[in-house]
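Each chain, written out:
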Amino acid sequence: MKITTLVENHVSKRDLSAEHGLSFLIENKGRKILFDTGQGKRYAKNALLLGLDISNVDALVISHGHYDHIGGLPHFIENNNNAEIILKKEALFAKHHNDRYIGVRQTINGDNPRFHFINKVTEVIDDVFIVPFVKRYFPDDCHISDFYINDGEKVIPDEFDDELFLVLKSEKGISVLSSCSHNGISNMVETARDYFKLPVVNVIGGFHLKNSSNNDALQLSKYFNTLKIDNVYTGHCTGMEKFFTIQTNFDGNAFYLETGSFLSI
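Treat the numbers as computed from the prediction; the structure is a model and nothing was measured.

> Report on the sheet that holds strand E7 (residues 100-101), specifying residues and quantitative values.
An order of E7-E6-E11-E12 is seen for the four strands of this open sheet, with the pairing classed as antiparallel. Each end of this open sheet is capped by a strand with a single partner; those strands are E7 and strand E12 (155-157). With two bridges joining them, strand E6 (residues 94-97) and E7 adopt antiparallel strand pairing. Of the residues in E7, the one forming a bridge with His97 is Arg100.

> I'd like to hear about the side chain of His66, residue by residue, with values.
As for its position among the elements, His66 is in the loop between strand E4 (59-61) and helix H2 (67-70). What His66 contacts, discounting residues up to four positions off in sequence, is Gly71, Lys95, Ile102, Phe147, Phe160 and His182.

> Account for the pairing of strand E11 (residues 147-150), naming residues and giving values.
Here E11 shows a clear split, with Phe147 and Ile149 buried on one side and none of Tyr148 and Asn150 buried on the other. Taken together, the four bridges between E6 and E11 define a ladder with antiparallel strand orientation. Each residue of the ladder has a partner; that of His97, found in E11, is Phe147. Across three bridges, the pairing between E11 and E12 is antiparallel. By the bridge assignment, Tyr148 is partnered in E12 with Pro157. The turn linking E11 back onto E12 is made up of four residues, and Gly152 within it adopts a positive phi angle of 100 degrees.

> Report on the packing of helix H4 (residues 185-196) against helix H5 (residues 214-226), specifying residues and quantitative values.
At a closest axis distance of 11 Å, the pairing of H4 and H5 adopts a crossing angle of 20 degrees. On the basis of their axis angle, the class for H4 and H5 is roughly parallel. Here H4 and H5 pass one another in a crossing that is left-handed. Packed against H4, whose contacting residues are Ile185, Ser186, Val189 and Glu190, the element H5 presents Leu220, Tyr223 and Phe224 at the interface. Across the contact of H4 with H5, the residue classes tally to five nonpolar, one polar and one charged.

> Residue-level account of the pattern of salt bridges, with values.
Within this structure, the stated rule accounts for 13 salt bridges. For the salt bridge of Glu159 with Arg136, the shortest nitrogen-to-oxygen distance reads 3.1 Å. A residue pair is termed long-range when its members are at least 10 positions apart, and Glu159 in the loop between E12 and strand E13 (165-169) and Arg136 in the loop between strand E10 (128-131) and E11 qualify at 23 residues. On the accessibility criterion, Glu159 (39% relative accessible area) is partly exposed. Exposure remark for Arg136: the relative accessible area of 33% places this residue in the partly exposed category. Each of Lys29, Asp126 and Asp127 takes part in salt bridges that share partners, so that together they form one network.

> Now, about the nonpolar core: what can you tell me, with residues and values included?
If you look at the biggest cluster of nonpolar residues, it comprises 28 residues, and the most contacted ones within it are Ile185, Val203, Phe207 and Phe224. Elements with a minimum of two residues in this core: E10, E13, strand E14 (174-177), H4, strand E15 (200-205), H5, helix H6 (240-249) and strand E17 (253-256). The biggest single contributor to this core is H4, with five residues. Listed in part, the 24 residues of the second largest apolar core include Val57, Leu60, Ile70 and Phe115.

What counts, and at which threshold
Residues numbered from 1 in each chain as written. Predicted model: local features only at pLDDT ≥ 70, side-chain atom pairs only at ≥ 80, totals over all residues. Heavy atoms only, no water. Pairing = 2+ DSSP bridges. Helix = DSSP H or I, 4+ residues; strand = E, 2+ residues; numbered from the N terminus. Contact = heavy atoms within 4.5 Å. Buried < 20%, exposed > 50% of the residue type's maximum accessible area, 1.4 Å probe, protein only. Axes fitted to C-alpha atoms, helices over the stretch in contact; angles between N-to-C directions. Parallel < 35°, antiparallel > 145°, perpendicular 65-115°, else oblique. Left-handed = near helix turned anticlockwise from the far one by under 90°. Nonpolar A, V, L, I, M, F, W, Y, C, P; charged D, E, K, R; others polar. Salt bridge = Lys/Arg side-chain N within 4 Å of Asp/Glu carboxyl O. Core = buried A, V, L, I, M, F, W, Y, C linked by side-chain atoms within 4.5 Å.

What follows is the structure in structure tokens.
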């Protein structure tokens, strides 16, 4: 199984471009899943330069409804005619960070017949599962302050009911693939452990630690160590400083997922 980072906040490879956002392409047994789209078209431009074709992706999975993850949805719909688009219905709510609108473009609504609103664990392709809920075992690892939604009737605090994550199965165990971890990457890992009853080998994605304390990153490293996780691959909303804290204190291997990087599991 191969995971390519199509867009992320940083880039060092020639010709590729970065943005504040995240998009992964997952390939397994001849099938492809796009996990988030970044802000706009850049994910697809980078894919083309990497020899990948967005038009033949089998499914698009949206992690949550923030612009830096769902912003490329209109472009994807125009350039891929067949893929099922899997998300939770709450991802299409109007979302704000304080007074700033950060949700899906208002041209998108839930009437598109390609949308599949998910509410249970689903194997989308072989050995790749969508988990559409997160149990909050560790409330301190939630990152939801100052976020709000308009559900069509009123403005309320955003509890991130739209957030989902992926679990990838292999012979060694499972890998947890998140995108922004507002509900907490430790909570996602525990949710996956509880549901699948398998060891966690890899943790991948953004951990939303950029504006957290170094102690939060240190505690997360200790948590990973207790589970004897082999590898951590992170970027985007984790923040470079917190990545270095994890890398320094994590007993396994820690890698940064910049634009154009890929890994095999």
